[in-house]
Amino acid sequence: MKPLPPMSVDQARDLILRSMPRPVGEEMVPLARALGRVAVRDVVAPGDQPRFDCAAMDGWVVCGQAGAYRVVGESRAGAPYGPAMAEGEAVAISTGAVVPEGASALVRREQGFEDGGQLTIAAYRPGRDMRLRGSDFRRGDVLVSAGRVVDHLDIARVAAAGIDEIVVRRVLRVALLATGDEIVPGGGEPGPAGSYDALSPAIMARIGGVAALGIASLGVARDADDDIAGRVSASDAQVVIVIGGASGGRHDRVRHALGELGLAVLVPCVAMRPGKPFWCGHLEGGGFVFGLPGNPVAALVALELFVMPALGGGEPQGWIDLPPREIGEGCTRMRFARWSVGTDGRIHAEALGQGDSAALAPLAGANGVMQIAGDGTRRLLPLGVRSGIGC
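Note that the structure is predicted; figures quoted are calculated from it, not measured. (Residues numbered from 1 in each chain as written. Predicted model: local features only at pLDDT ≥ 70, side-chain atom pairs only at ≥ 80, totals over all residues. Heavy atoms only, no water.)

**Details of the side chain of Asp197**
Then, number 1: Within the secondary structure, Asp197 is located in the loop between strand E15 (195-196) and helix H3 (199-208).
Then, number 2: One buried charged residue, Asp197, remains without a salt bridge, the closest side chain of opposite sign being Arg231 at 10 Å.
Then, number 3: Among the polar contacts made by the side chain of Asp197, one reaches the side chain of Ser200 at a distance of 2.6 Å.
Then, number 4: Look past the residues within four positions of Asp197 in its chain and what remains in contact with it is Ala178, Ile183, Val184, Pro185 and Val220. (Helix = DSSP H or I, 4+ residues; strand = E, 2+ residues; numbered from the N terminus. Buried < 20%, exposed > 50% of the residue type's maximum accessible area, 1.4 Å probe, protein only. Lys, Arg positive; Asp, Glu negative; His and termini not counted. Salt bridge = Lys/Arg side-chain N within 4 Å of Asp/Glu carboxyl O. Polar contact = N/O pair within 3.5 Å; in protein donor to acceptor, adjacent residues only side chain to side chain. Contact = heavy atoms within 4.5 Å.)

If you want it as structure tokens, here you go:
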């Protein structure tokens, strides 16, 4: 059978984004695990915040305006002063403590002087430095709207209302499988012809570092159909990322092995270097598979261009056009890049490495991917993390 022609980068990306499975359903999660998840319904405040009038500064609260006040007690955070205050009385108070009934003003610590139970003040300013009950939000206020991607500030607001869990959309279950007889996990002994697994830790970290996304490891499979297919079929992941075995050589068994699971190839390969062997497809049971090249740089480029956007964890800004090169290289090349915005407001970008798809050392400090088309036109994809998952 004649091999299918490679797709362009944009064609492959568009097709993948249209074809990716979407998470279905909802689940209740602890608030601390809601970061990056999509709220299913409005989160409504069950009460006022603050729950009581409280002090915004350390100092004293006083009752009425007088030349001097008699200090009758203290209100501390968690230990309020009980009785109602009378005219001419003062109560020492700490930030966050309940303002006693009858208090008319708060005097900051640096604006009062206490001696022998008597307080004199520099100024009397009613209502200043007091946080009134409900001044932050009221009972019934919407703290997080349905459809919003929850961030850490939302979590703080919801936690202040005493809520410890919320309902969010489910996320896709993702798993990673490395392949290759020569691949050995870090800490192992690779032997004279083996190689350490550079990609599994990097991909686990990249995907796991995106809020709300988790990824399970399926280990390292041998270059054998039964081992590859067995590990994938035993997983309950909806998306499986397979490293290696993508080039179509005699020992590249991944597509053949997954044919036993009803693999239908969606993207056969991509017209770019490095990363041309990248592929993806559907399994008969509904799972989605990404095939990454075994060469580390090629795999990491494909991860950023295709996998991260599909999972909802990449491409926060989209492509940025750069000035073209005078001479093109005849084919589309992808390079990791280091870029910044200069004092002139222009983007300055430097392609890293010399195109070696296995060399990782030159990538230190990379914060983007640069595409250099065959005609010399260039564009930059800033690397980043988008926290909206399951949109």
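**Overview of the pattern of salt bridges**
Then, number 1: What the rule picks out here adds up to 19 salt bridges.
Then, number 2: With its nearest N and O atoms 2.7 Å apart, the salt bridge here joins Arg379 to Asp10. Of this pair, Arg379 sits in strand E25 (residues 378-382) while Asp10 is found in helix H1 (residues 9-19), placing the two residues 369 residues apart along the sequence.
Then, number 3: When its relative accessible area of 15% is taken as the criterion, Arg379 is described as buried.
Then, number 4: For the salt bridge of Arg148 with Asp151, the shortest nitrogen-to-oxygen distance reads 3.1 Å.
Then, number 5: In this structure Arg148 comes out as partly exposed when scored by relative accessible area, which is 36%.
Then, number 6: Residue class for Asp151 comes out partly exposed when judged on its relative accessible area of 23%.

**Here we look at the layout of surface pockets**
Then, number 1: Within this model, the largest pocket holds a volume of roughly 450 Å³.
Then, number 2: For the largest pocket, the lining is made up of 30 residues, of which Glu182, Gly244, Pro293, Gly294 and Asn295 are closest to its centre. (1 Å grid on protein atoms, 1.4 Å probe; cavity = no way out; pocket = protein on both sides within 12 Å on 5 of 7 lines; lining within 4 Å. Points joined across faces, edges and corners; volume = space filled by probe spheres on them.)

**Observations concerning helix H2 (residues 152-160)**
Then, number 1: Looking only at H2, the buried set comprises Asp154, Ile155 and Val158. Taken end-on, H2 shows its buried residues confined to a sector of 100 degrees, consistent with a single buried face. Of the exposed residues in H2, the ones pointing more than 90 degrees away from its buried face are His152 and Leu153.
Then, number 2: At its buried positions, H2 is contacted by strand E2 (43-44), strand E11 (142-144) and strand E12 (165-169).
Then, number 3: The N-cap of H2, judged by a side-chain oxygen 3.0 Å from the amide nitrogen of Leu153 a few residues on, is Asp151. (Arc of directions from axis to C-beta.)

**Regarding the packing of H1 against helix H6 (residues 296-311)**
Then, number 1: Contact geometry for H1 and H6: axes closest at 10 Å, N-to-C directions at 20 degrees. One way to sum up the angle between H1 and H6 is to call them roughly parallel. As for the relative orientation of H1 and H6, their crossing is right-handed in sense. Residues Val9, Ala12, Arg13, Ile16 and Leu17 of H1 pack against Leu305, Phe306, Pro309 and Ala310 of H6.
Then, number 2: Class assignment for the residues of the contact of H1 with H6 results in 8 nonpolar, no polar and 1 charged. (Axes fitted to C-alpha atoms, helices over the stretch in contact; angles between N-to-C directions. Parallel < 35°, antiparallel > 145°, perpendicular 65-115°, else oblique. Left-handed = near helix turned anticlockwise from the far one by under 90°. Nonpolar A, V, L, I, M, F, W, Y, C, P; charged D, E, K, R; others polar.)

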